[in-house]
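# Understanding the architecture of this molecule
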Amino acid sequence: MTGAVNGSDIERVFRAESGRAVASLVRFFGDIDIAEEAVQEAFAIAIQRWPETGLPPSPAGWIITTARNRGLDRVRRESSRNDRQQQAFLVYATEAHTEVGPVEDERLRLIFTCCHPALGPEAQVALTLRLIAGLQTPEIARALLVTEPTMGQRLVRAKSKIRAANIPYRVPDDHELPDRLRSVLAVVYLIFNEGHVATSGHALIREDLCGEAIRLTRVLVELMPDEGEAQGLLALLLLTEARRPARVSADGSLVRLGEQDRSLWNSALIEEGHAIVRALLRRGIPGPYQIQAAIAAVHADAATAEATDWSQIVQLYDQLLMYTPTPIVALNRAIAVAELDGPEPALAIIEQLDLGNFHLYHAARADLLERLGRVDEATDSYDRSIDLTTNMVEQDHLRRRRADLHLH
Amino acid sequence: MTQYLLSVHGVEGEEIPAPDEMQKIFKAVDDLNTKIQKQGSWVFAGGLHPANTATVVRVQNGDVVTSDGPFAESKEQLGGFWIVELPDLDAALALAAEATVACAAPIEVRPFQDEPS
């Protein structure tokens, strides 16, 4: 097709294909920087050329082939200074691969490199957004609310550790896969969560990050169709994202799950999430993300907050606690217990949890105390919660709830 | 191939394992050494005397000064190390996992710089 190709078409191709292109060139060159620069260069050429020639039949193949040739040129230029190893590589590279066909998807190897446990969690998130999602450094800096130089430095440091320590590009062996996959899924989940309730700032939700996380999870599911936990994570993210239109009111304030206008929920996302959860249940190999997805599915099933099947939710939390016996899961379970058995038993559970630095712990405690009519204690708990919250929208919400206490 | 330093870190003044526990550790480390040598990754390894046997030599105002060590004032001190040559970090981490179990102490894995060609 030789219709008009404009900048946004090319940007769309970049978003969709740069991760794959970078991954395949990292494999080819064994170096992230060479791969990234070559892909950037190829897109720069595309911007000049495609408006005239139209999109090539396979834009992704065109990008990879062009980038590979540019990268080879660069290695050749730099290796003319006597690096025997690189000379040998060039001979191998030019002889062995003349045309890039429908290449094996290399993104999976690179995802495991980006989320390698030898890298810190912040570096894992940044590298994944950069190399797999194809975000530029300023975008990542904005998304994660750090300055551009800080993000640039973080990426440089992470990439130089990969190079110096020789962190491999490979999919882990079967016996290590569960562990390593967990860290990959955790990174994607972290990206989504940062979007779902931004750590700080004035907007509650950062849609860009939620969208990227869902896109990444779709890639993981596509690459590892047999991994139930990857599917579970996708269902969880879809079912959570489905509630987004109802989570914030017209004036930008937060609306709690129980008070949301459920007609605003995105039914297409719910349907997709439900279908995945049903298929996973048939498969019968549960895991923590699958259970969380099932919990989200129970919420999505209820036409009204009152119709929620809380006993099923408490059961699912019991199951989740067996996999991840953390105080946060116990807190969420207690919130469900409050709906099923009343605030008193829930408060008894909460009092035993060691979560004094977590703002939602105090918010949940305040809510239970409020329901029990213990207004003074509830006020204290709201105060603690407000002090610990860094997101402005959440803070406003808690302030309103504290103010409402005295209206009763 | 990359060369890695696997260093054994101990905390000074921490309780020393009982003699029979110590024998177990020696045996486990011996076995591991044999394994590393057999698989061809061995470069060098050794255990060190406690840090209070260390001496520090440095240049101060143009003079070479010798003083009682150790250099680092921290409580964590190097107790011994392996230098091994392996295909990548995953292989080094797998070996470090065996090493930390064998010598019952945390292991730090650090890559060596490439030899200048």
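Residues numbered from 1 in each chain as written. Chains lettered and ligands numbered in written order. Predicted model: local features only at pLDDT ≥ 70, side-chain atom pairs only at ≥ 80, totals over all residues.

Along chain B, the regular secondary structure elements total two helices and six strands. When the helices and strands of chain B are placed in sequence order, the string is β-α-β-β-β-β-α-β. Per-residue burial over chain B gives 18% buried out of 117 residues. Across chain B, the fraction of contacts at a sequence separation of at least 24, relative to all contacts at a separation of at least 6, is 74%. (Helix = DSSP H or I, 4+ residues; strand = E, 2+ residues; numbered from the N terminus. Buried ≥ 20, exposed ≤ 12 C-beta atoms within 10 Å, placed from the backbone. Contact = placed C-beta atoms within 7 Å.)

What follows deals with the sheet that holds strand β1 (residues 2-11) of chain B. All names here are of chain B. The sheet built from four strands is open, its strands ordered β2-β5-β1-β6 with antiparallel pairing. Bordering the open sheet on either side are β2 (42-47) and β6 (107-111), each of which pairs with just one other strand. Between one strand axis and the next, the sheet turns through 20° on average, direction left out of account. Sheet topology note: the β1/β6 ladder contains five bridges and is antiparallel. What sits directly across from V8, in β6, is I107. (Pairing = 2+ DSSP bridges. Axes fitted to C-alpha atoms, helices over the stretch in contact; angles between N-to-C directions.)

Detailed reading of the predicted model is not advised wherever pLDDT is low. Residue and element names in this part refer to chain A. In the predicted model, chain A carries a mean pLDDT of 87, and 90% of its residues have values of at least 70. When the elements of chain A are averaged for pLDDT, helix α4 (residues 84-96) gives the smallest value, 55, and helix α11 (residues 228-241) the largest, 97. Predicted confidence is poor over residues 95-103, with pLDDT under 50, and the contacts of this stretch with residues over four places away or in other chains come to six contacts. (pLDDT = per-residue confidence, 0-100.)

Attention now moves to the pairing of strand β3 (residues 55-60) of chain B. Residues and elements named next belong to chain B. Of all the six residues making up β3, zero are buried; the element is thus mostly uncovered. When β3 meets strand β4 (residues 63-68), the two strands line up antiparallel, connected through six bridges. Note that in β4 the partner of Q60 across the bridge is D63. Between β3 and β4, which pair antiparallel in sequence order, lie two residues; one of them, N61, sits at a positive phi of approximately 50°.

Turning our eyes to something else, we now look at the interface of chain A and chain B. Many authors give the size of an interface as the accessible area that is lost as the parts come together. With six residues of chain A in contact, the opposing surface of chain B contributes six residues. For the side of chain A that touches chain B, the class distribution of residues is five nonpolar, one polar and no charged. (Nonpolar A, V, L, I, M, F, W, Y, C, P; charged D, E, K, R; others polar.)

All names here are of chain B. Per-residue confidence for chain B gives a mean pLDDT of 92; residues scoring 70 or more make up 98%. Here β4 stands out as the least confident element of chain B, with mean pLDDT 92; β6 is the most confident, with 97. Interface confidence for the predicted complex, given as ipTM, is 0.85, next to a pTM of 0.78.

Turning our eyes to something else, we now look at the nonpolar core. Membership of the largest hydrophobic core comes to 128 residues, with the highest contact counts inside it found for L25(A), V39(A) and L239(A). Look past the residues within four positions of L25(A) in its chain and what remains in contact with it is A35(A), A38(A), V39(A), A67(A), R68(A) and G71(A). (Core = buried A, V, L, I, M, F, W, Y, C linked by C-beta atoms within 7 Å.)

Right, let's talk about helix α19 (residues 375-388) of chain A for a bit. Three- or four-residue spacings in an α-helix give side chains the same orientation, since the helix completes a turn every 3.6 residues. Residue and element names in this part refer to chain A. In this model, α19 (14 residues) spans 20 Å end to end at C-alpha, consistent with the 20 Å of a helix rising 1.5 Å per residue. Among the residues of α19, those classed as buried are A378, S381, Y382, S385 and I386. Viewed end-on, α19 has its buried residues packed into an arc of 140°, placing them on one side of the element. Set apart from the buried face of α19 by more than 90 degrees, the exposed residues are D376 and D387. Where α19 is buried, its residues contact α18 (359-371) and α20 (392-405). (Expected span 1.5 Å × (residues − 1). Arc of directions from axis to C-beta.)

Let us now look at the packing of helix α17 (residues 343-351) of chain A against α18(A). Residue and element names in this part refer to chain A. Orientation of α17 relative to α18, taken along the N-to-C sense of each, is 145°, at an axis distance of 9 Å. Of the two possible hands of crossing, α17 and α18 adopt the one that is left-handed. On α18, the residues touching P343, A346, L347 and I350 of α17 are A364, R365, L368 and R371. Its residues assigned to classes, the contact of α17 with α18 shows six nonpolar, no polar and two charged. (Left-handed = near helix turned anticlockwise from the far one by under 90°.)

On to the pairing of strand β5 (residues 76-86) of chain B. Residues and elements named next belong to chain B. Examined bridge by bridge, β1 and β5 share ten bridges and lie antiparallel to one another. In the strand pairing of β5, L6 is matched with W82. Both β2 and β5 contribute to a ladder of five bridges, which runs antiparallel. In the strand pairing of β5, A45 is matched with W82.

One can find H362(A) in helix α18. As for H362(A) and R142(A), which are separated by 220 residues in sequence, their C-alpha atoms are 30 Å apart.

Residue and element names in this part refer to chain A. In this model, helix α1 (residues 7-29) (23 residues) spans only 29 Å end to end at C-alpha, well below the 33 Å of a helix rising 1.5 Å per residue. Roughly 50° is the biggest bend found in α1, and it falls at E17. Looking one or two residues past α1, G30 carries a phi angle of roughly 70°, positive in sign. (Bend = angle between axes of the 7 residues up to and from the residue.)

With that settled, consider the packing of α1(A) against helix α2 (residues 32-53) of chain A. Residue and element names in this part refer to chain A. Contact pair α1 / α2: the axes reach a minimum separation of 9 Å and the direction vectors enclose 150°. As far as their axial angle goes, α2 and α1 are roughly antiparallel. Read as a crossing pair, α1 and α2 show a hand that is right-handed. Counting all contacts with α1, which are made through G7, I10, F14, S18, A21, V22, L25, V26 and F29, the residues of α2 involved are I32, I34, A35, E36, A38, V39, F43, A46, I47 and W50. (Parallel < 35°, antiparallel > 145°, perpendicular 65-115°, else oblique.)

For residues that are not glycine, phi is negative in most cases, and the peptide bond is trans in most cases. Residues and elements named next belong to chain B. Put simply, G69 and P70 share a cis peptide bond, and its omega is 0°. Look at N61: it is not a glycine, yet its phi comes out positive at around 50°. Turning to its location among the elements, N61 is positioned in the loop between β3 and β4. Its identity is not glycine, yet A104 carries a phi of approximately 50°, on the positive side. Among the structural elements, A104 can be located in the loop between α2 (89-103) and β6. A tally of 15 C-beta atoms within 10 Å means that A104 is categorised as partly exposed.

What follows is about the environment of V8(B). Residue and element names in this part refer to chain B. With respect to the secondary-structure elements, V8 resides in strand β1. The class for V8 is buried, based on 23 C-beta atoms found within 10 Å. Once the C-alpha coordinates of V8 and W82 are considered, the two residues, 74 residues apart in sequence, prove to be 8.4 Å apart. Setting aside anything within four residues of it in sequence, one finds V8 in contact with G79, G80, F81, C103, A105 and I107.

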